[in-house]
Amino acid sequence: MEFDGEDLSRKALSERLPPGEPHVFRGCDLTETDLWGASLGGAVFDACVLDQTDFRRADLDGAVFTGGGGMRVRFNDADLIDAAFTDVDLSSAQFAGALLTDASFTGCRMIGASLTASRGTGFRLSRSNLTLANLGGCSLRGELVEGVRFDDADLSGCDFTGATFSDCRFIGTRLLGTTFAKADLRGADLGQPDDAKLRAFAGAIINQTQANAILAARGITVL
């Protein structure tokens, strides 16, 4: 089914979408739309308003979201394997319990988003703003993370083993129990190098400038 520019706000659509066929939403208003448990594998959402849209328990495997977005979208317990989000506003979005294996977030605004308790073997982040986001317990093992802002985000318990961070920021980031073993942080802004951060960064690769800043913060001058 195709929906083009339609006002579908506050409607219950789950029963109206036949399974087994592609669904395309272009420029639609999906404010508070009920898509709980809907069969949306491979669906396309292009420049749609998604304020408080309910995708809980929906099948969104391979779905493509481009542009648009909104506040507090609910993806709790949804299947999002291979889903792709590009230039989408996902501020305060909820992903608890969602299956995110190989999902990708590129150029997304994810301020205050919660991905804690999400499931799967990892997802991809690029050019996105995760200020104040909660990724507690997520795994990005071996991933290339480019242009991501983690300012004041909670990354407690995350596993970044072997990941590479390029043009990323960790200012005010919570890193309790976070693992950076063999992670490459040479292209990242590590923020204030306090003791808690240094414990989290144990085993990571940093550059000479970063090392000098860490020592300088402790009153040690490197000549």
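Rules used throughout
The residue numbers shown here count from 1 along each chain, following its written sequence. Local features in this predicted model are restricted to residues of pLDDT 70 or higher, and side-chain atom pairs are both shown and tallied only at a pLDDT of 80 or more, whereas totals for entire chains, interfaces and linings draw on every residue. Side-chain metrics rest on all non-hydrogen atoms present in the structure, leaving aside hydrogens and water. Under the DSSP-based scheme used, a helix requires at least four consecutive residues in state H or I and a strand at least two consecutive residues in state E, with every element numbered from the N terminus. With the radius of gyration taken over C-alpha atoms, the globule rule is written as 2.2 Å times the number of residues to the power 0.38. Burial classes follow relative accessibility: with a 1.4 Å probe on protein chains only, a residue under 20% of its type's maximum area counts as buried, one over 50% as exposed, and anything between as partly exposed. In this analysis, two residues are considered to be in contact whenever any of their non-hydrogen atoms come within 4.5 Å of each other. Aromatic pairing here means that ring centres of Phe, Tyr or Trp (its six-membered ring) are within 6.5 Å. Orientation follows from the plane angle: under 30 degrees is stacked, over 60 is edge-to-face, and everything else is tilted. Whenever a carboxyl oxygen of Asp or Glu lies within 4 Å of a side-chain nitrogen of Lys or Arg, that contact is scored as a salt bridge. Criterion used throughout: strands pair if DSSP finds at least two bridges between them.

Caption draft 1: Spatial organisation of the overall build of the protein chain. For the protein chain, the helix and strand inventory stands at 2 helices and 10 strands. Secondary structure elements of the protein chain, listed N to C terminal, follow the sequence β-β-β-β-β-β-β-β-β-β-α-α. The C-alpha radius of gyration computed for the protein chain amounts to 19 Å, which stays within 12% of the reference 17 Å derived for 223 residues, consistent with globular compactness. Judged by the C-alpha coordinates and their principal axes, the protein chain covers about 70 × 25 × 20 Å. The proportion of buried residues among the 223 residues of the protein chain is 45%. Pairs at least 24 apart in sequence give 4% of the contacts found in the protein chain among residues at least 6 apart.

Caption draft 2: Here's a closer look at the packing of aromatic side chains. Inspection of every chain in the model, using the stated rule, returns 23 aromatic pairs. Ring plane angle 0 degrees and centroid distance 4.8 Å describe the contact between Phe 25 and Phe 45, whose orientation is recorded as stacked. Of this pair, Phe 25 sits in strand E2 (residues 24-26) while Phe 45 sits in strand E3 (residues 44-46), and the two are 20 residues apart along the sequence. The class for Phe 25 is buried, based on a relative accessible area of 0%. Between Phe 170 and Phe 180, the ring centres sit 5.9 Å apart and the planes meet at 85 degrees, which makes this aromatic pair edge-to-face. On the criterion of sequence distance, the pair formed by Phe 170 in the loop between strand E9 (164-169) and strand E10 (184-189) and Phe 180 in the loop between E9 and E10 is long-range, its members being 10 residues apart. Given the relative accessible area of 0%, Phe 170 is considered buried. Cluster of aromatic residues (ring-pair linked, three or more members): Phe 3, Phe 25, Phe 45, Phe 55, Phe 65, Phe 75, Phe 85, Phe 95, Phe 105 and Phe 123.

Caption draft 3: Inspection of the environment of Leu 13 at higher detail. Within the secondary structure layout, Leu 13 lies in the loop between strand E1 (2-4) and E2. According to the relative accessible area criterion, Leu 13 is buried, its value standing at 0%. For the pair formed by Leu 13 and Gly 37, sequence separation is 24 residues and the distance between their alpha carbons is 10.0 Å. Ignoring sequence-local partners within four residues, the contact set of Leu 13 consists of Leu 8, Phe 25, Leu 30, Thr 33, Asp 34 and Leu 35.

Caption draft 4: Looking closely at the pattern of salt bridges. Per the counting criterion, the structure on display carries 13 salt bridges. In this structure, Asp 159 and Arg 141 form a salt bridge, with 2.8 Å as the shortest nitrogen-oxygen distance. Placement of the pair is Asp 159 in the loop between strand E8 (144-146) and E9 and Arg 141 in the loop between strand E7 (124-126) and E8, with a sequence separation of 18 residues. Several salt bridges converge on common partners, so that one network encompasses Asp 54, Arg 56 and Arg 74.

Caption draft 5: Molecular detail of the pairing of E9. Inspection of the sheet shows E8 paired to E9 by 3 bridges, in the parallel sense. Paired with Leu 144 across the strands is Thr 164, a residue of E9. In this structure, E9 lies alongside E10, joined through 4 bridges in parallel fashion. Of the residues in E10, the one forming a bridge with Cys 168 is Ala 188.

Caption draft 6: Structural detail: the environment of Gly 70. Its location among the elements puts Gly 70 in the loop between strand E4 (64-66) and strand E5 (84-86). Between the C-alpha atoms of Gly 70 and Thr 161, which are 91 residues apart in sequence, the distance is 32 Å. Not counting the four nearest positions on each side in its chain, Gly 70 is found in contact with Leu 50, Asp 51, Asp 89, Leu 90 and Ser 91.

Caption draft 7: Highlighting the side chain of Thr 33. Among the structural elements, Thr 33 can be located in the loop between E2 and E3. Of the residues examined, Thr 33 reaches a relative accessible area of 0% and is grouped as buried. Filtering out sequence-adjacent residues up to four positions away, Thr 33 remains in contact with Leu 8, Ser 9, Arg 10, Lys 11, Leu 13, Thr 53 and Asp 54.

Caption draft 8: Layout of the side chain of Gln 210. With respect to the helices, strands and loops of the structure, Gln 210 is situated in helix H2 (residues 208-216). With relative accessibility at 10%, the residue Gln 210 sits in the buried group. Residues contacting Gln 210, with those up to four places away along its chain left out, are Leu 185, Arg 186, Ala 188 and Leu 190.

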